[in-house]
Structure formats: C-alpha cells, structure tokens
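Coordinate inspection notes
Given next are the chains, with one letter for each unit.
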Amino acid sequence: MTEEDAPQLSVVVPTYNERENLAELLERIDRALRSSGVRYEVVVVDDDSPDGTWRLAMELSMRYPVRVIRRRGRRGLGSAIVEGLRAARGSYVVVMDADLQHPPELLPRLLMEAERGADVVVATRYAPGGGVEGWSRLRLLASRAAGMFAHALLPESRRTSDPMSGFWLVRRSLVEGLELRGESWKVLLEVLARAPGARVAEVPYVFRRRRRGESKLGPREMLDYVRDLLRLSEYRVLRFAAVGATGALVNLAVVAALGGRLPDPVAYALGWEAGLTWNYLLHDAWTFRGRRREGGLLGRLRYWLRYHAAAAAGFTVYMAVSWAARLLGAGYLAAPLLGIAAGFVANYLVSEHRVWRPQGG
Ligand code: GDD
Ligand code: MN
C-alpha cells in the first residue's frame, strides 16, 4: 500500500454481540466522513461474538471500507482496543463503541481538533454542551465520582473532563511509541498516563441511551476500574500513605530521644519537623520519583519548602475536621481519627497536584 492509499482516519470499533447495531453504525460513519471528504477505514475488533457480529462485519465490508479482526479464545475490551490501534493505518485513530451511544456524526469534529494540533481528542460528556441521556441520579453520581477519582489519583488525566470516555481520537504516531497493555477498559487513561506531554483537546457530546443489545459493563468492571487506576498511578497514593506512617514513627522517635532535655513544645516541634523532612526525602526519592523538575540542591530545597505547604494543608484540615467532628458529637478519639484521615487526603492531594505536579498534570 502506498502513502496515497493510506487512510487519514481509522475508526476502531470493539464489538461483542453488536449485530443489531453494526449496519446503522457503518452507514452513519460513512455518511459523516464521506460528506466531509475524509478517507477512512473502520477496524472492527470482534471477540468471536456468538451472535456472529464478525460475519456481518465481513459482509458489510463489501459496501464500506471495513477490516475485521476476529479474535478467538480471547475476550476483553481493553485488549481489543489495543489490537485495533496496532492494526490501524490512518494518521489518526478514533476509538468508539458500536452501540450508537457514541454519535458517529461527531467524527469530523474530532478530526478537526486533531488537525488543529491536538494529539488526543476526547469526546466528553462533562463539558458544556455535553451530557448523558436517560441516566438516573445515582448512575450520574457514580460516573462523576469515578471521574473525580481518576483526576485525584492520576494528575495526567486532568487534561480531560471525561477521563473514562470510551470515545476518543489519538494521533497514530503517538500510540506507536507507547507501551499499551490494554489490561483495563480504560485505554484512554492509559494513553494519558503514558503520554504526559501530549496535547489534549475535547469535544462535547451527549451519550445516548443504548437502544439495541446489552451493555457489558457490570459491577465487576467497576471494581476493576479502581484496581486499574491504582496500577496506572503506580500505587502512589498507597506509597504516600506508607511513607506517612514511617514519618509518624520518626516524629515519635525524635521526641523520645530528646526526652526531657528540651521544653515539651520544642521537642514536639522538632519531632514534627524531623518527620516532615523524612517524608519529604522518601516522597522525593520514591513516591514521586522522576517528578521533580528542578535539579540540584536548590531545587530540592525548594521542594522541601513546598512540602511544608502540603503538610500545613494537612494540619489545617486535620484541625478543622477533628474540631467539627467533635462538635457534631464524635468521640474524643474518634474525632481526631477522622481528622487524620481528612488531613492525609489534603496532604496527599497538595503533594500530588502542587508540589510534585507532573508535566501535563
Ligand atoms: N471486542 C470486544 N471484547 N468488545 C467488547 C467487549 C469485549 O470483551 N466488551 C464490550 N465490548 C464492546 C461493545 O460491543 C461496545 O461496542 C463497546 O465495547 C462498549 O461496550 P458497552 O457494554 O456498550 O459499554 P458501556 O456503554 O457500558 O460503556 C461505554 O461507554 C462509557 C462512556 O463513554 C464504554 O466505552 C466505557 O468505556 C465508557 O466509559
Ligand atoms: Mn454502550
């Protein structure tokens, strides 16, 4: 195949039992892209659907530029998407669902953003103009919470308002250099995490109700999501907590070592500072390794000072929550326990998003 024949855009569509949706999907993709003069191909990645989606896709390839990858003995949305990305030949690749919840009419706009220079373009439900159709309050809340969770644990995901979107475009040269595993559903999150320098743009859309066929996303996938997020973030929040625990021990050890030689408040303050500095050293070398952007002694000093701000935020939240909890009737020890939990979150968030903020965070 020559350069000339290569499509501008590959549309990767993972399918599992989407026979009822495929014809309309391909028809609408074709209409949307042909009317804007885009050379395209569709790559259907089907996991040997019992309903024969792959067979229908092959039949439809007489009418549309469709290639079919029929995977046997393997099942999984993430790995199907990654396989589609690898097979794609276009300069840009869109990933979208087959069930028409993602409107194909958006494709030209995604492409336009890419041609304006974005490396990744996310179709988002959560920017002005976007939305969801027919969701209960609870479903919406769960989705928003999941997005916030991603934003908190993975600063690189903050470049989009909809980090769990299953409808997105990526410049193919960008994914070629990435090692995507596709172990999770959220391949977009993986791309954002592994390409912190990529430019991200968004296009809002309304996530439609599924009219035919069934969703394959269940409670199992939601649990997996938490695991995937922790893994993608290299368990930073857990490492942060572990370091914090050792810092508390250092704090106590210093207070014990000073035993009686200094006025108590002075000993306590020195213990605090020792614990803080210990935490700083471990966070810098381990929790947030590779994140510090200023080198040399001066750079370290600056981060050490900034980490004081994180600790101060933690302390402030700790005091406020303990006190508020106590006023609301929490027990004498329960109140500061709540405070410690809340203070930990504040300390972590400031450290993650301000002190050691990554490129693209
Ligand atoms: N090849 C393959 N293998 N495809 C699969 C598999 C699988 O194991 N499981 C699901 N699919 C296909 C479906 O056929 C559909 O085309 C697409 O993946 C999405 O599956 P749904 O079951 O419809 O997911 P959803 O609607 O609940 O969630 C989707 O939309 C969300 C919002 O954008 C997904 O795209 C989510 O990732 C996304 O967050
Ligand atoms: Mn769906």
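Moving on: the site of ligand 1. Around ligand 1, 27 residues are found, and the nearest of them are E18, R75, D99, M164 and K216. At a separation of 2.7 Å, a nitrogen atom of ligand 1 approaches a polar side-chain atom of D47. Looking at the shell around ligand 1, the elements with two or more residues in it are β1 (9-15) and α3 (77-87).

Around the manganese ion (ligand 2), the protein supplies D99 (OD) and Q101 (OE1) as donor atoms, at distances of 1.9 to 2.0 Å. Residue classification places D99 among the buried positions, given a relative accessible area of 5%.

Among the structural elements, R125 can be located in the loop between β5 (120-124) and β6 (131-132). Of note is the side chain of R125, whose polar atom sits 2.8 Å from the side chain of D162. When neighbours within four sequence positions are excluded, R125 is seen to be in contact with G130, G131, V132, W135, S143, D162, M164, S165, Y205 and F207.

Attention now moves to the sheet that holds strand β4 (residues 92-95). Spatial ordering of the open sheet is given by β3-β2-β1-β4-β7-β5-β8, a layout of 7 strands whose pairing is mixed. Lying at the two open borders of the sheet, with one neighbouring strand each, are β3 (66-70) and β8 (200-204). Averaged over all adjacent pairs, the angle separating strand axes in this sheet is 20°, with direction ignored. Against the sheet, α3 makes contact with β1, β2 (40-46), β3, β4 and β7 (168-171), and its axis sits at roughly 155° relative to β1, the strand it touches most.

With that out of the way, let us pick up a positive patch on the surface. A cluster of basic side chains, namely R158, R293, R354 and R357, defines a positive patch on the protein surface. Along the polypeptide, R293 turns up in the loop between α10 (264-287) and α11 (296-327). With relative accessibility at 54%, the residue R293 sits in the exposed group.

Here we come to helix α12 (residues 334-355). With 22 residues, α12 extends 30 Å between its outermost C-alpha atoms, agreeing within 8% with the 32 Å of an ideal straight helix rising 1.5 Å per residue. Along α12, the residues that are buried comprise A335, G339, G343, A346, N347, Y348, S351, E352, H353 and V355. At its buried positions, α12 is contacted by α5 (137-153), α9 (236-258) and α11.

What follows is about the packing of aromatic side chains. The geometry of two aromatic rings is summed up by the distance between their centres and the angle between their planes. For the coordinates displayed, the defined rule picks out 11 aromatic pairs. Look at W272 and F315: their rings are 6.0 Å apart centre to centre, the planes differ by 70°, and that puts the pair in the edge-to-face class. Here W272 is found in helix α10, whereas its partner F315 is found in helix α11, with 43 residues between them in sequence. By relative accessible area, W272 is classed as partly exposed at 41%. Each ring, one from F315 and one from Y318, has its centre 6.2 Å from the other, and the planes form 40°; the classification is tilted. Placement of both F315 and Y318 in helix α11 is noted, with a separation of 3 residues, approximately one turn of the helix. Taking relative accessible area as the criterion, Y318 reaches 27% and is therefore assigned partly exposed. Among the aromatic side chains, those forming a connected cluster through ring pairs are F240, Y280, F288, Y303, Y307, F344, Y348 and W356. Across the ring face of Y16, the terminal group of R75 is positioned such that the distance to the ring centre comes to 3.5 Å. Note that R239 overlies the ring of W286, its terminal NZ or CZ placed 5.4 Å from the centroid.

This part is about the pattern of salt bridges. Counting across every chain of the model gives 33 salt bridges. With a closest N to O distance of 2.7 Å, R31 and E27 form a salt bridge. Separated by 4 residues within a single helix, R31 and E27 lie in helix α1 (residues 19-34), roughly one turn from each other. What makes E27 partly exposed here is its relative accessible area of 32%. With its nearest N and O atoms 2.9 Å apart, the salt bridge here joins R67 to E41. Of the two residues, R67 is situated in strand β3 and E41 in strand β2; the sequence distance between them amounts to 26 residues. Relative accessible area serves as the criterion here: at 5%, E41 is assigned to the buried category. Through salt bridges with shared partners, a single ionic network connects E24, R28, E105, R211 and R212.

Thresholds applied
Residues numbered from 1 in each chain as written. Chains lettered and ligands numbered in written order. Predicted model: local features only at pLDDT ≥ 70, side-chain atom pairs only at ≥ 80, totals over all residues. Heavy atoms only, no water. Near = heavy atom within 4 Å. Polar contact = N/O pair within 3.5 Å; in protein donor to acceptor, adjacent residues only side chain to side chain. Helix = DSSP H or I, 4+ residues; strand = E, 2+ residues; numbered from the N terminus. Donors = N, O, S within 2.8 Å, 3.2 Å for Na, K, Ca; no water. Buried < 20%, exposed > 50% of the residue type's maximum accessible area, 1.4 Å probe, protein only. Contact = heavy atoms within 4.5 Å. Pairing = 2+ DSSP bridges. Axes fitted to C-alpha atoms, helices over the stretch in contact; angles between N-to-C directions. Patch = residues over 30% accessible without salt bridge, like charges linked within 9 Å, V, L, I, M, F, W, Y side chains within 5 Å. Areas by Shrake-Rupley, 256 points an atom, 1.4 Å probe, with all protein chains shown as cover. Salt bridge = Lys/Arg side-chain N within 4 Å of Asp/Glu carboxyl O. Lys, Arg positive; Asp, Glu negative; His and termini not counted. Charge placed at Lys NZ, Arg CZ, Asp CG, Glu CD. Expected span 1.5 Å × (residues − 1). Phe/Tyr/Trp six-rings, centres within 6.5 Å; stacked < 30°, edge-to-face > 60°. Lys NZ or Arg CZ within 6 Å of the ring centre and 35° of its normal.

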